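So the chains spell out like this:
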Amino acid sequence: MEHKAQSLIISSGVFLLLLLPLRFPSYFWPIIITVSLASALSVFWVFGEKPSFARLKEDWFAIVFLFVFIMSLSIFSYTLPHPFFQAILLGTTGFFVYYILQVASRIKRNYTPSLFLRNVITLASILAIFFATSDAVKWSISTDDRLFQILSIVLVFASVFVICEFLFEIQGYERPLLYSLVISFMISQIVWLSSFWVVTYPQTEKATNIGVPLPAILSAVYFYLFWGISHHRLEGTLSRRILWEYTIIAFFFTVILIATAQWLPQ
């Protein structure tokens, strides 16, 4: 029960500390980076370990996943136009941090996380893909510097790789490196090819001013496709029916997205 109390303290602290930029906007980046890094390193407290290079090497997947998750959601939340919605998304961040720490602690103790916890982390991973890609694409379209645009694609690749490794780790799969690399490469290519489109949901003036990059939506949809196929392949349950189910779902959402998007600029 101790690790649950520690996880609750950390997740509550993440939510409260991420609210500080609302009061001190000039310190946005120092606050966000410090909170993300401190929260990622808090796994040592949950695990009951002293930080060391050996422990860092052993637990890197949970540490980096937490850092990427918190950074992605917190940066995206502060692009929203209203403080109320910012607070809701930051609260969602704290909610998922609790379960991420719970899953990481079970892996550390060689317990297999329950199906509920695995599903929660899968949802958190899809959200992290969406928000990380959105942040990276918004950064790239805010500048004409080709170097930064290339770096944004590299960031997408690295973020997807970390998320895949953590997902494969909680499933207990062996040697998932090739799958993680292939999924990361395919998502980064989709983001690159679709990065010249910008759409917005819902169709309001404020949302239009901010915009939701199309690559972020596509990356979440196709990550679901690639992860689902890889998951069943590693479990040995992949069949033609399952392959068609994932493909049709991804195709269906892609068609809806293209048909209903509010294209920018008008």
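What you see is a predicted model, and the numbers here were worked out from it, not measured in a lab.

A. Main features of helix 10 (residues 177–193). In this model helix 10 runs 24 Å from its N-terminal to its C-terminal C-alpha over 17 residues, within 8% of the 24 Å that 1.5 Å per residue would give. For helix 10, the set of buried residues is Ser180, Ile183, Ser184, Ile187, Ser188, Ile190 and Val191. With its buried residues spanning 155° around the axis, helix 10 presents them on a single face. Of the exposed residues in helix 10, the ones pointing more than 90 degrees away from its buried face are Leu178, Trp192 and Leu193. On its buried side, helix 10 packs onto helix 8 (115–141), helix 9 (146–171) and helix 12 (214–235).

B. Structural context of the packing of helix 7 (residues 83–108) against helix 9. Closest axis-to-axis distance for the helix 7/helix 9 pair is 10 Å, and the angle between their directions is 55°. Judged on the interaxial angle alone, helix 9 and helix 7 are oblique. Note that helix 7 runs across helix 9; the crossing there is left-handed. On helix 9, the residues touching Ile100, Val103 and Ile107 of helix 7 are Phe166, Glu169 and Ile170. Classifying every residue of the contact of helix 7 with helix 9 by side-chain character gives 5 nonpolar, no polar and 1 charged.

C. The arrangement of helix 8 in detail. In this model helix 8 runs 39 Å from its N-terminal to its C-terminal C-alpha over 27 residues, within 8% of the 39 Å that 1.5 Å per residue would give. Of all 27 residues that make up helix 8, 20 are buried, and the element is covered over most of its length.

D. Broad picture of the packing of aromatic side chains. Applying the stated criterion to the full structure yields 20 aromatic pairs. Ring geometry for phenylalanine 28 against tryptophan 29: centres 5.1 Å apart, planes inclined by 80°, an arrangement best described as edge-to-face. Here phenylalanine 28 falls in the buried class, since its relative accessible area comes to 15%. Note on tryptophan 29: relative accessible area 47%, which makes it partly exposed.

Calculation criteria
Residues numbered from 1 in each chain as written. Predicted model: local features only at pLDDT ≥ 70, side-chain atom pairs only at ≥ 80, totals over all residues. Heavy atoms only, no water. Helix = DSSP H or I, 4+ residues; strand = E, 2+ residues; numbered from the N terminus. Expected span 1.5 Å × (residues − 1). Buried < 20%, exposed > 50% of the residue type's maximum accessible area, 1.4 Å probe, protein only. Arc of directions from axis to C-beta. Contact = heavy atoms within 4.5 Å. Axes fitted to C-alpha atoms, helices over the stretch in contact; angles between N-to-C directions. Parallel < 35°, antiparallel > 145°, perpendicular 65-115°, else oblique. Left-handed = near helix turned anticlockwise from the far one by under 90°. Nonpolar A, V, L, I, M, F, W, Y, C, P; charged D, E, K, R; others polar. Phe/Tyr/Trp six-rings, centres within 6.5 Å; stacked < 30°, edge-to-face > 60°.

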